[in-house]
Amino acid sequence: MDASTVEQMVSSTFTAQDAQAEVIVDGAGAKYDITVVSDLFSDQRPVKRQQSVYAALRDAIADGRIHAVNIHAFTRDEWSSRSA
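Analysis parameters
Residues numbered from 1 in each chain as written. Predicted model: local features only at pLDDT ≥ 70, side-chain atom pairs only at ≥ 80, totals over all residues. Heavy atoms only, no water. Pairing = 2+ DSSP bridges. Helix = DSSP H or I, 4+ residues; strand = E, 2+ residues; numbered from the N terminus. Axes fitted to C-alpha atoms, helices over the stretch in contact; angles between N-to-C directions. Salt bridge = Lys/Arg side-chain N within 4 Å of Asp/Glu carboxyl O. Phe/Tyr/Trp six-rings, centres within 6.5 Å; stacked < 30°, edge-to-face > 60°. Buried < 20%, exposed > 50% of the residue type's maximum accessible area, 1.4 Å probe, protein only.

1. Section: the sheet that holds strand β2 (residues 31–37)
Point 1. Sheet architecture is open: three strands sit in the order β1-β2-β3, paired in mixed fashion. Looking at the sheet topology across the chains shown, the edges are occupied by β1 (22–28) and β3 (68–74). The mean inter-strand angle of the sheet, taken between neighbouring strand axes irrespective of direction, is 10 degrees.
Point 2. Of the strand pairs in this sheet, β2 and β3 are connected by seven bridges, and their pairing is parallel. Within the sheet, the bridge partner assigned to Thr-35 lies in β3 and is His-72.

2. Considerations on the pattern of salt bridges
Point 1. Within the structure shown, the criterion is met by four salt bridges.
Point 2. For Arg-65, the salt bridge goes to Asp-63, with nearest N and O atoms at 2.9 Å.
Point 3. Salt bridges here are not isolated pairs; linked through shared partners, they connect Asp-18, Asp-39 and Arg-76.

3. Some details on the packing of aromatic side chains
Point 1. Within this structure, the stated rule accounts for two aromatic pairs.
Point 2. Their ring planes at 55 degrees and their centres at 5.5 Å tell us that Phe-14 and Phe-41 sit as a pair that is tilted. Residue Phe-14 is found in helix α1 (residues 3–15), and its partner Phe-41 is found in the loop between β2 and α2 (46–62); the two are separated by 27 residues along the sequence.
Point 3. Classification of Phe-14 as buried rests on a relative accessible area of 4%.
Point 4. Consider the rings of Phe-74 and Trp-79, whose centres lie 5.4 Å apart with planes at 50 degrees: the pair is tilted.
Point 5. For Phe-74, a relative accessible area of 15% gives the class buried.
Point 6. Given a relative accessible area of 21%, Trp-79 falls into the partly exposed group.

Structure, rendered in structure tokens:
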């Protein structure tokens, strides 16, 4: 599995509900850093945000294609203020 495949898996889940969602994936093999920027995270606690991203990867984690994931989940406002 490569970062592009992981990005497509997560993007397809989030862009179906938020067309402006942004997904950034870095990594290779079975270890990935994933950043998701989406207003779907508004009013969600960090654990719920991570669970949403894990749900998009459930099958790949279950069968071992993905072993380790580091997730960062932000709303657009949080991401903008972090980048400024």
